[in-house]
Amino acid sequence: MTALLQHPGYDEERLKGVAEKLPCREVQAGMLLSLMGQPHQYSYPSIFIYGHRASGKSHVMHVLMKELELSHATVSCVECVSIALLFEQVLLSFFGCDAASLLPRSPSLSDFVRVYRQQCSQSPAKQTRYIVMEKAELLRDTDASLLSALLRLQELVEDNVTVILLSEIAWDKFRPNTGCFEPLLLHFPDYSKSELQQILSQNVHPSYSAGFYSAYINILLGVFYSVCRDLRELRHLAALNFSKFCEPLAEGKVKETDTHKLWKHIEPHLKKAMQTVYLREVSSLQWEQMQQMEEEEAGALRGLSAHTHVELPYYSKFLLIAAYLASYNPARTDKRFFLKHHGKIRKTNFLKKNEKTSNHLLGPKPFPLDRLLAIFYSVVDSRVAPTASIFSQISSLVTLQLLAQVSHDDQLDAPKYKCAVSLDFICAIARTVNFDIVKYLYDFL
Amino acid sequence: MATSSVSKGCFVFKPSAKKKKKTLSLESYFVQGCEDAESSEIRFRLCQELWDEIKTDTEVLQDELNRTILDSLLDFTRKCSSTRQNSDWTSQMRASEIPTAALMLGVNVPDHDMTFQSLSDMLKQSVSPHVASVQAKECGALKHLMKKVLERLMDTVVVVDDEDEEENVETSPRVHRSMHCSLGILCDWYTARTKKSPTGTPGKKRSSQVRDEQQQPPVVIIFKDLEAFNPRVLQDFILICSQYIDRLPLTFIFGIATSPSTIQHMLPHSVSSLLCIELFQSLSCTQHLATVIDKLILASRIHFKLNGKVMQVLIGVFLYHDFSVRNFIKGLQLALLEHFHSQPLSVLCCKKKQALFNVTQLSKPNLDRIRQLPSFKRYVEKQEAQEQVNLMTDDSHLKEVCQQLIKDLHKYHKNYYPILRCLHTLTSSLPRYPLGKQIRELYLICLAKNVWENEDYQSAMKLVKMLAKGEMVSLLQKCVEILQLSKSKKMKNALVQLEELLAKFKQLDTATEMTPTVEASIPSPIKNLQKKTDLFQLQKTLLEMNESRRAKRLSPFENLRNEALEFIDNLVKSHLSPPESQPLYEVCYYSSSATVRRHLNATPRTSIQAALSNPYYYLQNDSLKSEDGTVSNTAPDICIAYKLHLECGRLINLYDWLEAYSTVVSAAEGNDQDSENFGKVDEVKHARFIRAVSALEFLGFIKSTKQKTDHVARLTWGGC
Ligand SMILES: Nc1ncnc2c1ncn2[C@@H]1O[C@H](COP(=O)(O)OP(=O)(O)O)[C@@H](O)[C@H]1O
Ligand SMILES: [Mg+2]
């Protein structure tokens, strides 16, 4: 706490405000403040902060920047569909929209540097300017020179500017192989259970006592901590289930202090929440409505993954079956399965030991269109003309993501596919057309 | 247009816009090459009227069918926007998720367009003006998706804007709009638009919920085909949107063709946890088709009909290939056009009054056509000798008879459909569905031949004979309801009789109440039958029941039931004869199933092979005619090359091929077999050969191979 409260150059009252808003992150915030130094001093050119999701990276930066009124630009890398957008946002927040409009149509890095220098010579920084890059891991996908340049932007634009990168990925996985300026690293560790307890307990419901709410959070963490440490998610779950927790209280059955009874009441409910809302099988809106419904009614509500049935046209079903067989049977066994008079194929030769039962473990294998059609024509029970609609059904299956095209889109000659459905799914499909697919699968022979 | 290019490639020549094509009107297209040009104008008009009627009908139907699901969707968007504006503890604490409706539409993708069209129209009308729909194929990258969404949300509104919004637009930073697309700009635009609402007076406090809703209308983004989207693009887009959800009331609608679990396949938990997903199930396509058939096909109102084979083709395409109702209607349209185009007598395929008038206007050749109609010939044969002569020679007499026949045909249809529906009602819930579960199946049976001669019909009747009283009465009651809708005289008579029968059944009720018989206590045998699934068991019980029945004396209920059945059977026999039995049925029924199949279910491969092996089929040049399936040596080069390649194995030696080709072509040129130059390869032949070979490669019959020099690989099997 004290580490945070004493930083020359910053108002003490403000620091106190910061400390209040950042429980359990005092150390990291203090560290950051020391790195930043006094407002007018140059700071280190780039700082790299990493930690898992919802470990408070954005939150800490936001609070620091806002509370201490530092000049800053926060840019989310997901949103910057082009680097132009990134440059524009930085210029906009530091120098206003006139500056941003000075950029040419598709600006290069040097355009940005030029405009920046020109602008900052007109309005030089009295205090350090900060550029906060959210979700910086996406920078890895862009041109490597952008990252290198950002890391030493201070030097390039000759201004008192510091770039702070926030990432969920450690720096080691970041470093371009050409080498670059090394930023200062700062790790935000995951919150521990007691830290989560402390942070979550702050959002007390206005009409209940802090102790009561804290007990609720304790129960909640007891159920969820093993599967979820995401603060945002936990807070969401806490909000969704609190009314249920208070139910016995409202009915006058239990006193606020009788934690055990409250626990008995809420625990099965939370367990159920873990299997439904938490997985987003059921939406939070539905969950809230369910709580108001009677038990049996609520049971009728099915989750998202319960709906897997897909109704397909007749030939599409067979095409999919053929694709499944082609994906999971070795090509050399086709003769055995699909030729009426395949003669004697020696059993020892046919069944290779380690090949058996492993096809399903290895996942679908790609197959050419020819093989798909050959199998299709032998499994479908009637004579089918090779019409255009058969072929268009194959591409429909690809758009529906039931088949995956393995070869490139542009390859017109002998395209390859993979079957992308599960055994359960294909069995259900095969049943509707009275086709005993298991008999045709090499793994189940 | 020529290109000079060193490298191989394909070149796109866009047609120059200046080159003016002579634009023909629809009608002149129709008239061109039409049989019997004289009446073609009338036929064109009739055809169009009919099509317009069908089209509006289908649209109305679609709207009705979509109504329920759209209503619940609208409710959802409204509900979401209202919970969003709450400011109690719970809504503050819970993560603000993006409300998302997962709309399950089924795999009939071609039909979705219409649904989405009406959906976005209705949303715009009653929820929010800000609706944008996007399709996967226009959004390959996040950038494009973003651009499309912004364009559709902001520009459409800007265009629609009236004057008072003008200054609003100016105050918002216009510079940025033209520069980059980010949701921030959309936010600014949204706040600018909603801040100054025309109804709300800015000074007053916003107290009413309704006005709040008006001022914060949701921004709806429709993803028409979720499966086809690149998951990365979608994930990023959702991530971005979730950052703005506090300022921008976004709502998503996902159009899903397969199953909701695709959402979980496409989006990881970290992304799907940003959404509040609710499922909406739309009507299944088979139900949709059933209603379309019910309203368009089984209606005496629409005089154009399909015969059994054509129906079979259309339904086959639907069930086997695409599940698309839109394509079904397109097929209907095709048949309609073909009918009016190719059948001169289709002038009589219209409303009765008009048809009767058109009969009087028939030209001599058309009257002769009538005499040639198979159905009319059959009719003539049944007449007396003198009448036969009259019909064949006296035009005015023929016209009179035709008028009568047309009237009969209309009556036939008026009676046909109600009886068909009655029969369907009686048989559609029998175990094992001997006459089909859907009315279309029964209809196909009835179109094919006399239904009462069908074995399935007889077994269905036997099953009906076993219905318990309650079931029987309720089914007959339904039949009464069907007949009530009909205005034809015969149907009204039938209705009266049926009601009498029903009354007797009810009298029986009161009678048995006084003297309870065994019958009442016996559970309906058919109920037990339904449980038995295998055929053998079924037949056995049927036999047993028959025998036990014979042994017993018939109870009054059984007597009555038999009476009812006989009545139904008579109705079927007198009204459900197939259309072929009706004189002049050709006027209304379209029967060329081959044409329809050829158009709807093309077989490119077969056509190419036909063209190559039998060029006469397409070119109609007499010199190409050949009886024994051989290709004449005057055929186009590619046909000769094709024919020769059929004789080769998997790998084809190019030089041998060339030589063989050259020999054939030389023979065609009439060169002397013994001359020295015969069969010699000259430059022109060489070039022609190369061209033919590359055409074959383009068509996918051969491809180059590295296995052997100077060889190409054959890609097809099978001999000549
Ligand atoms: N120490 C903290 N005290 C209070 N709230 C916190 C704290 N750390 C994180 N949060 C909250 O948790 C949520 C997620 O934090 P965030 O900073 O977005 O995580 P990150 O950027 O690391 O993914 C935010 O809503 C934030 O308000
Ligand atoms: Mg963050």
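Where an unreviewed UniProt entry is consulted, chain B appears under the name Origin recognition complex subunit 3, with the organism given as Oreochromis niloticus. UniProt, in its Sequence similarities (unreviewed entry) section for chain B, records the words "Belongs to the ORC3 family."

For chain A, the name recorded in an unreviewed UniProt entry is Origin recognition complex subunit 5, with Oreochromis niloticus as its organism. Heading Function (unreviewed entry) of the UniProt record for chain A holds this comment: "Component of the origin recognition complex (ORC) that binds origins of replication. DNA-binding is ATP-dependent. The specific DNA sequences that define origins of replication have not been identified yet. ORC is required to assemble the pre-replication complex necessary to initiate DNA replication." The UniProt entry for chain A carries the following text under Subcellular location (unreviewed entry): "Nucleus".

1. Notes on the overall build of chain B
A tally of helices and strands in chain B yields 34 helices and 10 strands. Across the 720 residues that make up chain B, the buried fraction comes to 47%. In chain B, of all internal contacts separated by at least 6 residues, the share reaching a separation of at least 24 is 74%. Of the roughly 37,700 Å² of accessible surface on chain B, a fraction of 53% belongs to carbon and sulfur atoms.

2. Side note on the packing of helix H20 (residues 395-427) of chain B against helix H21 (residues 439-448) of chain B
All names here are of chain B. The geometry of H20 relative to H21 is characterised by a closest axis approach of 10 Å and an angle of 120° between their N-to-C directions. Between H20 and H21, the interaxial angle falls into the category oblique. H21 is crossed by H20, and the crossing has right-handed handedness. Of the residues in H21, those in contact with Tyr416, Tyr417, Leu420, Arg421, Leu423 and His424 of H20 are Ile439, Leu442, Tyr443, Cys446 and Leu447. When the residues that make up the contact of H20 with H21 are grouped by side-chain class, the tally is nine nonpolar, one polar and one charged.

3. Quick look at the interface of chain A and chain B
At the interface, 63 residues of chain A touch 59 residues of chain B. Looking at the side of chain A facing chain B, the largest losses of area belong to A:Glu79, A:Leu285 and A:Leu304, adding up to 13% of the total buried there. One can count two salt bridges joining chain A with chain B. Notably, a salt bridge pairs A:Asp141 with B:Arg232, separated by 4.0 Å at the nearest N-O pair. Viewed at the interface, chain B and chain A are joined by 16 residue pairs in polar contact (both at pLDDT 80 or more). Looking at the side of chain A that touches chain B, the elements with two or more residues in it are helix H5 (83-95), helix H6 (97-100), helix H12 (231-250), helix H14 (284-292), helix H16 (314-328) and helix H21 (388-399) of chain A.

4. Details of the UniProt feature "domain: Orc1-like AAA ATPase" (unreviewed entry) in chain A
In this numbering, the UniProt entry assigns the feature "domain: Orc1-like AAA ATPase" (unreviewed entry) to residues 21-164 of chain A. Structurally, residues 21-164 of chain A is divided into 47% helix and 15% strand, and its ends, taken at the C-alpha atoms, are 20 Å apart.

5. Points about the pairing of strand S1 (residues 46-50) of chain A
Residue and element names in this part refer to chain A. Of all five residues making up S1, four are buried, and the element is well covered by its neighbours. Here S1 runs beside strand S5 (residues 184-187); their pairing, made up of four bridges, is parallel. In the strand pairing of S5, Tyr50 is matched with His187.

6. Concerning a negative patch on the surface
Negative charge collects at one region of the surface, where B:Glu59, B:Asp63, B:Glu64 and B:Asp121 lie side by side. In terms of residue count, helix H2 (residues 40-84) of chain B provides more of the negative patch than any other element does, three residues in total.

7. Observations regarding the site of ligand 1
Residue and element names in this part refer to chain A. Near ligand 1 lie 14 residues; those nearest to it are Pro23, Lys57, Ser58, His59 and Tyr191. In the model, an oxygen atom of ligand 1 is placed 2.7 Å from a nitrogen or oxygen of the Lys57 side chain. Separating an oxygen atom of ligand 1 from a backbone N or O atom of His59 is a distance of 2.7 Å. For ligand 1, whose accessible area on its own is 550 Å², the fraction buried by protein is 82%. For the shell around ligand 1, the elements supplying multiple residues, two or more each, are helix H4 (57-67) and H12. The leading source of residues in the shell around ligand 1 is H4, at three residues. Broken down by class, the residue content of the shell around ligand 1 amounts to five nonpolar, five polar and four charged. Residue assignment places the shell around ligand 1 across two domains, with domain 1 (2-187) and domain 2 (193-306) each supplying three or more.

8. As for the environment of B:Glu278
Secondary-structure assignment places B:Glu278 in strand S5 (residues 275-281). For B:Glu278, a relative accessible area of 11% puts it in the buried group. Taking the C-alpha atoms as reference points, B:Glu278 and B:Gln333, 55 residues apart in sequence, are found 37 Å from one another. Setting aside residues up to four positions removed in sequence, B:Glu278 forms contacts with A:Ser283, A:Leu285, A:Gln286, B:Phe76, B:Lys79, B:Thr100, B:Ala101 and B:Ala102.

Conventions and cut-offs
Residues numbered from 1 in each chain as written. Chains lettered and ligands numbered in written order. Predicted model: local features only at pLDDT ≥ 70, side-chain atom pairs only at ≥ 80, totals over all residues. Heavy atoms only, no water. UniProt positions renumbered as here; feature names shortened; annotations may be inferred. Helix = DSSP H or I, 4+ residues; strand = E, 2+ residues; numbered from the N terminus. Buried < 20%, exposed > 50% of the residue type's maximum accessible area, 1.4 Å probe, protein only. Contact = heavy atoms within 4.5 Å. Areas by Shrake-Rupley, 256 points an atom, 1.4 Å probe, with all protein chains shown as cover. Axes fitted to C-alpha atoms, helices over the stretch in contact; angles between N-to-C directions. Parallel < 35°, antiparallel > 145°, perpendicular 65-115°, else oblique. Left-handed = near helix turned anticlockwise from the far one by under 90°. Nonpolar A, V, L, I, M, F, W, Y, C, P; charged D, E, K, R; others polar. Buried area = accessible area lost by both parts, 1.4 Å probe. Salt bridge = Lys/Arg side-chain N within 4 Å of Asp/Glu carboxyl O. Polar contact = N/O pair within 3.5 Å; in protein donor to acceptor, adjacent residues only side chain to side chain. Pairing = 2+ DSSP bridges. Patch = residues over 30% accessible without salt bridge, like charges linked within 9 Å, V, L, I, M, F, W, Y side chains within 5 Å. Lys, Arg positive; Asp, Glu negative; His and termini not counted. Charge placed at Lys NZ, Arg CZ, Asp CG, Glu CD. Near = heavy atom within 4 Å. Domains from an automatic or database assignment.

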